[in-house]
Each structure stands twice: as structure tokens, then as C-alpha cells.
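Architecture at a glance
Letter by letter, the chains look like this.
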Amino acid sequence: MPALPHLASGKVREIYEIDADRLLFVATDRISAYDVILTQPIPDKGRVLTGVSLHFFDLLDTPNHFLSTDLSAIEGVDDREREELAGRAMVVRRAEVIPIECVVRGYLYGSSWKEYQAGGGPTTEHLPPGLKMADKLPEPIFTPATKAQSGHDENITEDQTRQILGDDLYEELRRRSLDIYSRASDYAAERGVILADTKFEFGHADGELVLIDEVLTPDSSRYWPADEWQPGHPVPSFDKQYVRDWLDSTGWDHEPPPPDLPDDVVAGTRARYVDAYAKITGRSFTDYLAGR
Ligand code: Q0Z
């Protein structure tokens, strides 16, 4: 959208180039469900996700790519665009991206549960037998993945990851990822929220290993209301369950095109994102918007 060179498009995010050292990282209001981008945007969803990332960059105080939310000195962004981008855009340090998704899991769910149930796979190689769906793991595990051609992440073994990264970088990323997960999940637990799993990306900037991309957002993490967690049962997702349930009520087969969301479902989904911001960060989203 801004008159800056477009660098990359994600399903729901965009990256623009500011200069050789800096990028503009934008969270849009697009939403995906069952891996399909829905036709209607969810107003402020991008601001909720950016607010959550900013909250954790601040709280974690770990080397990261965040520079500023101030767009006033960025040439190529006009006043209208500045208003549209406010609260959803970050100026970040350009890094050399490490091509591994650093996934940490504290609970057995999603693709890892599927692997476990099917007799084991890369994410379950260090797990004991006898676990149930959504069980809390004996300790959090580092289960890296690569971005596959399909756009779907592919889980890889510890040996494969060590081959790609080398032992030193593997161990550094594992230590950093587990440490961040441990601190964020303690923070969430104090608020009645379970951080079931999350995915980090890292890069090198000026010889420093920095956390990049979005961090600990509902799109990159699985957050559960603690009072709805029951081992052995599926756990409803905080933010997306409502819209998934509505989509399923239409009989949609999860193949594009998706059905149009009625206005009340858009509004209900927005309300759940705003509520997720408050539950996860302990702050009011209205205050976030006022201070953006
Ligand atoms: C992240 C991605 C997105 C599409 C590039 N600080 C950085 N330095 C260099 N590169 C990146 C970052 Cl964050 C970078 N991605 C992933 C994000 C849309 C792809 F919003 N690609």
C-alpha cells in the first residue's frame, strides 16, 4: 500500500523496504481459517497482532528486530497511509533470515499430536509413550520446522536441524526459543491463559542473533483459555474458534472460495481478537489504540 518497494507478502502480512537496513513490517486485517484467506477483513485484527508483538518485545527484552512504530520520518508514506498503518506497522532491522521455524511446544496438539498418534515423527522423538491429545508435556520441547514448497511447514528431526544450522547455532536457537517460551508461558499462566505452543523466527543483524517477525501473537501461537483445557479433548482456540464454528455451520468444505462472513460474524470475530489482546497482555486494547 505505501509507495515503498514491496519486499514480501505473507498470507496476512506484508513487508516493504525502507532502506538497506530497515523494513516496514505490516500486519493486515486479513484472516485465514482452515488455511484459506477469508473474503472479509476483520477490522483492527492487524493492530491486535502488532500490539501483542510489541508487548512481548518490550517484556522479553531479548535482542530483536523492532526499531520503532514512528512512521513520521519515513519517506514514501503519506498522511492517509500513516493513519491506515498506525498501530499495525513496525519499522524493523533488516536481518539475514535463518530458514528454520523455531517451534516450542508445551502441550501435545495439532500436527505433533497427529504424528504421535500415527506412531511418532520428528516432533515426538523425545516424548514418552502414553500421552493423550492436549496433554501437558513433561517439559517444553523444541521442534523446528522448515518452510516447505507447499507453504506448509514441515517438521524436521533434531539431526536434520543440526545438519542445516550446525551444532552451535542449533543449540543457541534452542536455548533462546525455550527461554522465551518459558517466560511467555509463565506470563500467560498468571492471566488464566495457556500458551500451548508457539513459533519464532530468528535472523542475524550486525553479527547479532535477533528475534524477528511477529512474536507470540494468536497467529503464531496456540493460546487456550485455561478453564477450557481438558486433556484428551480438543481445546477451542481463543481467537478463531468462533469464526471456524460459523464457517462449519454453513457446510463449507474448506476449499476456496470461502463463504462471505455476515457483518455480525465479522463483528463477533473482531470482539474476540480485542478480547484476546486484553487477556494475553493484561492491557486494554482501547488504551493501545489511543497510544498508537
Ligand atoms: C520476514 C515474512 C511477512 C512475508 C522476510 N527483520 C527482517 N529482516 C529480513 N527479513 C525479514 C524480517 Cl522480519 C523477513 N519474512 C517472513 C513476513 C510477509 C514473509 F510479513 N520475510
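To start, this report covers the structure provided alongside it. If you're wondering where the values come from, they're calculated on a predicted model, not measured in any experiment. (Residues numbered from 1 in each chain as written. Predicted model: local features only at pLDDT ≥ 70, side-chain atom pairs only at ≥ 80, totals over all residues. Heavy atoms only, no water.)

**Some points on the site of the ligand**
The test is simple: Throughout this document, a residue counts as near a molecule or strand when at least one of its heavy atoms sits within 4 Å of that molecule or strand. We define a polar contact as two N or O atoms separated by no more than 3.5 Å, with the added condition that, inside protein, one atom must be a possible hydrogen donor and the other a possible acceptor, whereas residues neighbouring each other in sequence contribute only through side-chain atom pairs. Working definition: helices are DSSP H or I runs of at least four residues, strands are E runs of at least two. Numbering for both runs from the N terminus.
As a matter of local geometry, the ligand sits amid 16 residues, with Gly10, Arg13, His65, Arg93 and Ala95 nearest to it. Taking His65, its side chain carries an N or O atom lying 3.0 Å from a nitrogen atom of the ligand. At 2.8 Å from a nitrogen atom of the ligand is found a main-chain nitrogen or oxygen belonging to Arg93. Among the elements of the structure, β1 (6–9), β2 (13–17), β3 (22–27) and β7 (89–93) are those that each provide at least two residues to the shell around the ligand.

**Here's the deal with the packing of helix α6 (residues 241–249) against helix α7 (residues 263–281)**
The line we're drawing: Every axis corresponds to a line fitted to the C-alpha atoms, with the helix fit spanning only the stretch in contact, and the corresponding angles, defined between N-to-C directions, vary from 0 to 180 degrees. Roughly parallel refers to an angle under 35 degrees, roughly antiparallel to one over 145, roughly perpendicular to one between 65 and 115, and oblique to any angle outside these ranges. Contacts between residues were defined by any pair of non-hydrogen atoms, one from each residue, lying within 4.5 Å. Three residue categories are used. Nonpolar comprises Ala, Val, Leu, Ile, Met, Phe, Trp, Tyr, Cys and Pro, charged comprises Asp, Glu, Lys and Arg, and polar comprises the others, including Gly.
Viewed as axis vectors pointing N to C, α6 and α7 meet at an angle of 155 degrees, and their least axial separation amounts to 9 Å. Here α6 lies roughly antiparallel to α7, going by the angle between them. Where α6 abuts α7, its residues Tyr242, Val243 and Trp246 lie against Asp264, Val265, Gly268, Thr269 and Arg272. Its residues placed into classes, the contact of α6 with α7 shows 4 nonpolar, 2 polar and 2 charged.

**Quick word on unusual backbone geometry**
Across the junction of Pro256 and Pro257, the peptide omega takes the value 0 degrees, indicating a cis bond. Of note in the backbone geometry, Leu216 takes a positive phi value of approximately 60 degrees without being a glycine. Along the chain, Leu216 turns up in the loop between β14 (208–212) and β15 (221–225).

**Side note on the pairing of strand β13 (residues 193–205)**
Where a strand is regular, its side chains alternate between the two sheet faces. The line we're drawing: Here's how the labels work: a residue is buried when its accessible area is under 20% of the maximum for its type, exposed when over 50%, partly exposed in between, all with a 1.4 Å probe on protein chains only. Any two strands with at least two DSSP-identified bridges between them are counted as paired.
Of all the 13 residues making up β13, 11 are buried; the element is thus mostly covered by neighbouring parts of the structure. In this structure, strand β8 (residues 96–97) lies alongside β13, joined through 2 bridges in antiparallel fashion. Residue pairing in the sheet places Val97 in a bridge with Gly203 of β13. Bridge count for strand β9 (residues 102–107) against β13 is 4 bridges, and the pairing is antiparallel. Bridged to Val104 within β13 is Thr198.

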